[in-house]
Amino acid sequence: MSAIPSFRIGQGIDVHAFGDGDHVMVGGVRIAHGRGVLAHSDGDVALHALCDAMLGALALGDIGVHFPPGDDRWKGADSRVLLRHCKALLAARGWQLGNADITVICEQPKIAPHAGAMRAAIASDLGLEPDRISIKATTSERLGFTGRGEGIAAQAVCLLVPA
């Protein structure tokens, strides 16, 4: 029997409806926007999807398990704090993020002008070089809730390697 390779792969998805507000948080970056998001924390779909991918790679559940929406400690929480907590969970088990690929799905706001700042913020929180973090964006061609401008979504995949 061959040995199991020393890496883990995870994937995560997050969505939030738009609501009242004047900005959205995406990838740890505040982006001016005509709407905010409805969320218990700051509603950062990119970081929530990445946290879920990291947790999923080690079969540790999802962010709802670690940061329950009914727990007032996380009300309005900065999702970068959640990301750093997930990093610590991985490190305690002997793993670190090798790389991550995140896709944000929305018609607005435009993500590309902020992608470099997002990569830098995420890399900083995870103690990595920015070239290990990919941020991309796409629209849904005006289909579905994101296409109608009702919300924002993100998908993330990650590779974990031994620390």
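For clarity, every value in this text was computed on a predicted model and none was experimentally measured. (Residues numbered from 1 in each chain as written. Predicted model: local features only at pLDDT ≥ 70, side-chain atom pairs only at ≥ 80, totals over all residues. Heavy atoms only, no water.)

Q: Break down the UniProt feature "site: Transition state stabilizer" (unreviewed entry) in the protein for me, citing the residues and quoting the values.
A: In this structure's numbering, the residues bearing the UniProt feature "site: Transition state stabilizer" (unreviewed entry) are His 40 and Thr 139. The annotated residues occupy 100 residues of the chain and do not converge on a single region, their most distant C-alpha atoms lying 24.8 Å apart. Here His 40 is to be found in the loop between strand 4 (36-37) and helix 1 (45-57). Discounting residues that sit within four places of it in the chain, His 40 has contacts with Pro 68, Pro 69, Asp 71, Asp 72, Trp 74, Lys 75, Gly 76 and Ala 77. A polar contact of 2.9 Å, which involves the side chain of His 40, links it to the backbone oxygen of Asp 71. Relative to the helices and strands, Thr 139 is located in the loop between strand 6 (133-138) and helix 5 (144-147). The residues touching Thr 139, leaving out its near neighbours within four places in the chain, are Cys 106 and Glu 107. Of the polar contacts made by the side chain of Thr 139, one reaches the backbone nitrogen of Glu 141; its length is 3.3 Å. (UniProt positions renumbered as here; feature names shortened; annotations may be inferred. Helix = DSSP H or I, 4+ residues; strand = E, 2+ residues; numbered from the N terminus. Contact = heavy atoms within 4.5 Å. Polar contact = N/O pair within 3.5 Å; in protein donor to acceptor, adjacent residues only side chain to side chain.)

Q: Describe the pairing of strand 3 (residues 29-32), with residues and values.
A: Of the two faces of strand 3, the one lined by Val 29 and Ile 31 is fully buried and the one lined by Arg 30 and Ala 32 carries no buried residue. Sheet topology places strand 2 (residues 23-26) next to strand 3; four bridges connect them, and they run antiparallel. Bridge pairing in strand 3 places Val 26 opposite Val 29. (Buried < 20%, exposed > 50% of the residue type's maximum accessible area, 1.4 Å probe, protein only. Pairing = 2+ DSSP bridges.)

Q: Outline the pairing of strand 5 (residues 95-105), listing residues and values.
A: For strand 5, a buried count of eight out of 11 residues is recorded, marking the element as mostly surrounded by other parts of the structure. Bridge count between strand 5 and strand 7 (residues 151-162): 10 bridges; the pairing is antiparallel. Bridge pairing in strand 7 links Thr 103 to Gln 155. Pairing of strand 5 with strand 6, which is carried by six bridges, proceeds in the parallel orientation. The residue of strand 6 that forms the bridge with Ile 102 is Ile 135. In this view, the connection linking strand 5 to its parallel neighbour strand 6 by way of helix 4 (residues 115-126) has right-handed handedness. (Right-handed = clockwise from strand over helix to strand, strands pointing away.)

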